[in-house]
Amino acid sequence: HTVASLKDNSELRELYLTGNPCTKHWEDGYRPYVVATLPQLERLDGNEITRSERIKAMQALPGLELQLRDLAQLARDRKAEHQARRALRE
């Protein structure tokens, strides 16, 4: 999880993920996941992170981590399938 690698960056207050593929493939989960994973953030994608949003995100984090694991596996499967089709064409 690359977002988690930012956790120790205590000076990170604002992060923009607009245009990042995660915002497209996990529209309903990426924001709470990032909010829960990076407690030092004050703003995400230009929007303030409220106290209640952070609390809800922290409560949802275990389920979000499961969703992320499933999405990551789907992405790996799609990539492998794409590479296999490409190899057949060559």
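The structure displayed is predicted, hence computed values, not measured ones.

Student: Describe in detail the sheet that holds strand S3 (residues 47–48), supporting the description with residues and values.
Tutor: The 3 strands lie next to each other as S1-S2-S3, forming an open sheet whose pairing is mixed. At either margin of the open sheet sits one strand with a lone partner, and together these are strand S1 (14–15) and S3. One ladder, built from 2 bridges, connects S1 with strand S2 (residues 43–44); its direction is parallel. Opposite Leu15, over in S2, you have Leu44 as the bridge partner.

Student: Go over helix H2 (residues 30–37), please, and point to the residues and values.
Tutor: Given 3.6 residues per helical turn, the α-helix brings residues three or four places apart onto the same face. Extensive coverage of H2 is indicated by the burial of 7 of its 8 residues. Every buried residue belonging to H2 is among Tyr30, Arg31, Tyr33, Val34, Val35, Ala36 and Thr37, and all of these are buried.

Student: Pulling in residues and values, what's your account of the pattern of salt bridges?
Tutor: Summed over all chains, the structure comprises 5 salt bridges. In this structure, the salt-bridge partner of Glu42 is Arg13, at a minimum N-O distance of 3.5 Å. Taken together, the residues span a long stretch of sequence, with Glu42 in the loop between H2 and S2 and Arg13 in the segment before S1 at a distance of 29 residues. Where Glu90 meets Arg86, a salt bridge forms, and the shortest distance between an N and an O atom there is 4.0 Å. Under the relative-accessibility criterion, Glu90 is labelled exposed at 74%.

Student: Could you give an account of the nonpolar core, with specific residues and numbers?
Tutor: The biggest cluster of nonpolar side chains holds 18 residues, and the ones touching the most others in it are Leu15, Tyr33, Val34, Leu38, Leu41 and Leu44. Elements represented by at least two residues in this core include exactly H2 and helix H3 (51–89). In terms of residues, this core owes the most to one element, H2, which gives 5 residues. In this view, Leu44 contacts Leu15, Leu17, Arg31, Val34, Val35 and Ile49; residues no more than four positions away in its chain are not counted.

About the cut-offs
- Residues numbered from 1 in each chain as written.
- Predicted model: local features only at pLDDT ≥ 70, side-chain atom pairs only at ≥ 80, totals over all residues.
- Heavy atoms only, no water.
- Pairing = 2+ DSSP bridges.
- Helix = DSSP H or I, 4+ residues; strand = E, 2+ residues; numbered from the N terminus.
- Buried < 20%, exposed > 50% of the residue type's maximum accessible area, 1.4 Å probe, protein only.
- Salt bridge = Lys/Arg side-chain N within 4 Å of Asp/Glu carboxyl O.
- Core = buried A, V, L, I, M, F, W, Y, C linked by side-chain atoms within 4.5 Å.
- Contact = heavy atoms within 4.5 Å.

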